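In case you want the letters, here they are:
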Amino acid sequence: MHVLKRTTTAAAVMLAAISLGACSSSGSASGSAKDHTPVDRSNWPAEIPASGLVKGLELPLEAYMSSYADQVTVDTALRTLQARCMAEYGLTVDLPRPGANPPPHSNAISIERRYGITDRTQAQKYGYGLPKELTRSLEPVEEGLSGIEVEVLTGHTKPDLSAPEGAEGDGPYFTSADAKPARAEYQGKKLHKGGCAGWSKQQLKLNELDAGFVAQLASTSLSESRPRKPVEKAIKDWSACMKKRGRSAVDPYRAMEQGYANGDGTTKDAIELALDDIDCKDRTRLIEVWSKEESAVQKRLIEENKDQLAAVKKRMGEVLAAAKAVK
């Protein structure tokens, strides 16, 4: 699970948002593997935004990305398989419960903030920040597991959980620069390559490169659409609108940086800036213009990569079917 941290660079803000949907981020450290009570779906992100300036907006590449609901189905199957695998080594563990702590976006497109902040109702309460219930999945996984449990689960030793911010990894258990290969066996049973986590993915024939490939195309489409003349003009008009309101941001990502400059994005000043930002986007039709241009780029990328994307979509369907078969 990627950890989204406050950043001072617009590029990092966008890359963090894009990477959210490209990995498993549907669980948390709480929730027992034996807990069968229904997960509260009320805070799950909508597949298609139902409010704000991006209401009803979809981009073409989203057809090749798993929805959050489908990701939860896959993660739930992985969790079940991992718990069973761990039990074979005599270990009973509490693993993250998929769907319990949803992320703020349904997939890697992160359309709600792809072009900066877009929801005025939310901005009135939280500025550039997010409601607490939408940030729990972005926090590091709690310590929870013992050293041997981490080894059996992941295939490497338990890393240093006090590593400084900015260290590489998808959460403390799964990758870390200071982690070493796990022991060869435990309780007389050989450890799986990649641990029980790696084994569980093999059972579903999960190809993690697929999500990364589609997310990279989405990153390309965003960067290629930015300098297009209609987008440049819309951003220039937005900046002029902001200037009339006493704001100095030259593009929406700079506005986000300014909103986070003195805190978590929820200060009174940040809220006022966010409202000006959204109002100027609405006045200049920035979201409409930018999404139209990016859609054109994505359609071209889809055509250029149609065979690989078709294979990705086929594998996605097969993985989802295999996940649903796990009981």
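This text gives an overview of the structure that appears in the document. Numbers given for residues are sequential positions, taken from 1 along each chain in its written order. It should be noted that, the model being predicted, local features are given only for residues of pLDDT at least 70 and side-chain atom pairs only at 80 or more, the latter also being counted only at that level, while totals for whole chains, interfaces and linings use all residues. The side-chain quantities take in all heavy atoms of the structure and omit both hydrogens and water.

### As for the side chain of E151
Formally: Helix numbers and strand numbers start at the N terminus; a helix is a DSSP run of H or I with at least 4 residues, a strand a run of E with at least 2. The criterion used for residue contact is that any of the two residues' heavy atoms lie within 4.5 Å.
Looking at where E151 falls in the secondary structure, it is placed in helix α4 (residues 147–154). The contact partners of E151, leaving out residues within four places of it in the chain, are H156, T157, A182, R183 and L191.

### A word on the packing of aromatic side chains
To keep it simple, the criterion reads: Here is the rule: rings of Phe, Tyr and Trp (six-membered ring for Trp) pair when centre to centre is within 6.5 Å. Planes less than 30 degrees apart are stacked, more than 60 are edge-to-face, and the remainder are tilted. Each residue is placed in one exposure class: buried if its accessible area under a 1.4 Å probe, protein chains only, is under 20% of its type's maximum, exposed if it is over 50%, and partly exposed if it falls in between. We call a charge positioned over a ring when the NZ of a Lys or the CZ of an Arg lies within 6 Å of the ring centre and within 35 degrees of the ring normal.
Within the structure shown, the criterion is met by 3 aromatic pairs. Relative to Y68, the ring of W44 lies with its centre 5.1 Å away and its plane at 90°, an arrangement referred to as edge-to-face. In this pair, W44 sits in the loop between α1 (10–20) and α2 (68–87) while Y68 sits in helix α2, placing the two residues 24 residues apart along the sequence. Among the residues examined, W44 registers a relative accessible area of 14% and is labelled buried. For Y68, a relative accessible area of 3% corresponds to the buried category. Ring pairing ties together the aromatic residues Y115, Y253 and W290, which thus form one cluster. We note K189 situated over the ring of Y89; from NZ or CZ to the ring centre the distance is 5.6 Å.

### Section: empty space enclosed by the protein
The following threshold applies: Definitions used throughout: a 1 Å grid over protein atoms alone; a cavity as a set of points that fits a 1.4 Å probe which cannot get out; a pocket as an open set with protein on both sides within 12 Å along at least five of seven lines; a lining residue as one with an atom within 4 Å of a point. Grid points are joined across faces, edges and corners, and a volume is the space filled by probe spheres set on the points. Residue polarity is assigned by list, with Asp, Glu, Lys and Arg as charged and Ala, Val, Leu, Ile, Met, Phe, Trp, Tyr, Cys and Pro as nonpolar; anything else, Gly included, falls into the polar class.
Applying the stated criterion across every chain yields a total of 2 cavities of 30 Å³ or more. Within this model, the second largest cavity holds a volume of roughly 50 Å³. Lining the second largest cavity we find A46, E47, P49, E62, H105, S106, N107, I109, S110, I111 and E112. Its residues assigned to classes, the lining of the second largest cavity comprises 4 nonpolar, 4 polar and 3 charged.

### So, the environment of S291
Within the secondary structure, S291 is located in helix α10 (residues 286–304). On the basis of relative accessibility, which here comes to 7%, the residue S291 falls in the buried class. Residues S291 and L57, spaced 234 residues apart in sequence, show a C-alpha to C-alpha distance of 8.3 Å.

### Some points on unusual backbone geometry
With a phi close to 50°, S110 is a non-glycine residue in the positive phi region. The residue S110 is located in the loop between α2 and α3 (120–126) in this model. The backbone phi angle of Q187 is positive, close to 55°, even though this residue is not glycine. Looking at where Q187 falls in the secondary structure, it is placed in the loop between β1 (185–186) and β2 (189–190). Exposure remark for Q187: the relative accessible area of 59% places this residue in the exposed category.

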